[in-house]
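Here is what each chain is made of, one letter per residue.
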Amino acid sequence: MEKSAKIIVTIVIVIAWMLLNGLLTAANDAAGRSTPGFLAIILMMAFIGALTAIWKKDKNNDNNKKDDNNSILQK
């Protein structure tokens, strides 16, 4: 994935997380609770996992570049 696409998807995920966390906090305030609770922790871990998956580097990327020039005909 290109870097610009990763940035756009990251921004969308951050906005979605803020909206969901705000809705969760508002619902808990209406119910009389002072903290978002366990669901907010799950939501935060999903947010961190999504960002990690988006920005994860491919391990085979360096190996493919090294193996491209091994042909005897090219030498």
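A short tour of the structure in this document, coming up. (Residues numbered from 1 in each chain as written. Predicted model: local features only at pLDDT ≥ 70, side-chain atom pairs only at ≥ 80, totals over all residues. Heavy atoms only, no water.)

## Quick look at the side chain of T10
- With respect to the helices and strands, the residue T10 is situated in helix 1 (residues 3-30).
- We classify T10 as buried; its relative accessible area is 15%.
- Setting aside its immediate chain neighbours within four residues, T10 contacts L51, I54 and W55. (Helix = DSSP H or I, 4+ residues; strand = E, 2+ residues; numbered from the N terminus. Buried < 20%, exposed > 50% of the residue type's maximum accessible area, 1.4 Å probe, protein only. Contact = heavy atoms within 4.5 Å.)

## Concerning the packing of aromatic side chains
- Across all of its chains, the model carries one aromatic pair by this definition.
- Ring geometry for W17 and F47: centres 5.0 Å apart, planes at 25 degrees, overall stacked. Residue W17 is located in helix 1, and its partner F47 is located in helix 2 (residues 38-55); the two are separated by 30 residues in the primary sequence. (Phe/Tyr/Trp six-rings, centres within 6.5 Å; stacked < 30°, edge-to-face > 60°.)

## Points about helix 2
- Over its 18 residues, helix 2 extends 26 Å from the first C-alpha to the last, a length consistent with the 26 Å expected when each residue adds 1.5 Å.
- Within the span of helix 2, buried status applies to A40, L43, F47, L51 and I54. Down the axis of helix 2, the buried set is contained in an arc of 70 degrees. They therefore lie on one face. Helix 2 presents F38, M45 and A53 as exposed residues on the side facing more than 90 degrees away from its buried surface.
- Tucked inside the fold, the buried residues of helix 2 contact helix 1. (Expected span 1.5 Å × (residues − 1). Arc of directions from axis to C-beta.)

## Looking at the side chain of N28
- Relative to the helices and strands, N28 is located in helix 1.
- For N28, a relative accessible area of 7% puts it in the buried group.
- Within the local environment of N28, its side chain forms a polar contact with the side chain of R33, the two groups lying 2.7 Å apart.
- Among residues more than four places away in sequence, those in contact with N28 are R33, T35, P36 and G37. (Polar contact = N/O pair within 3.5 Å; in protein donor to acceptor, adjacent residues only side chain to side chain.)

## Topic: the packing of helix 1 against helix 2
- For the pair helix 1 and helix 2, the least separation of the axes is 10 Å and the interaxial angle reads 180 degrees. In terms of their interaxial angle, helix 1 and helix 2 are classed as roughly antiparallel. Within the contact between the two elements, helix 1 uses K3, K6, I7, V9, T10, I13, V14, W17, L20, N21 and L24 and helix 2 uses L39, A40, L43, M44, F47, A50, L51, I54 and W55.
- For the contact of helix 1 with helix 2, the class distribution of residues is 16 nonpolar, two polar and two charged. (Axes fitted to C-alpha atoms, helices over the stretch in contact; angles between N-to-C directions. Parallel < 35°, antiparallel > 145°, perpendicular 65-115°, else oblique. Nonpolar A, V, L, I, M, F, W, Y, C, P; charged D, E, K, R; others polar.)

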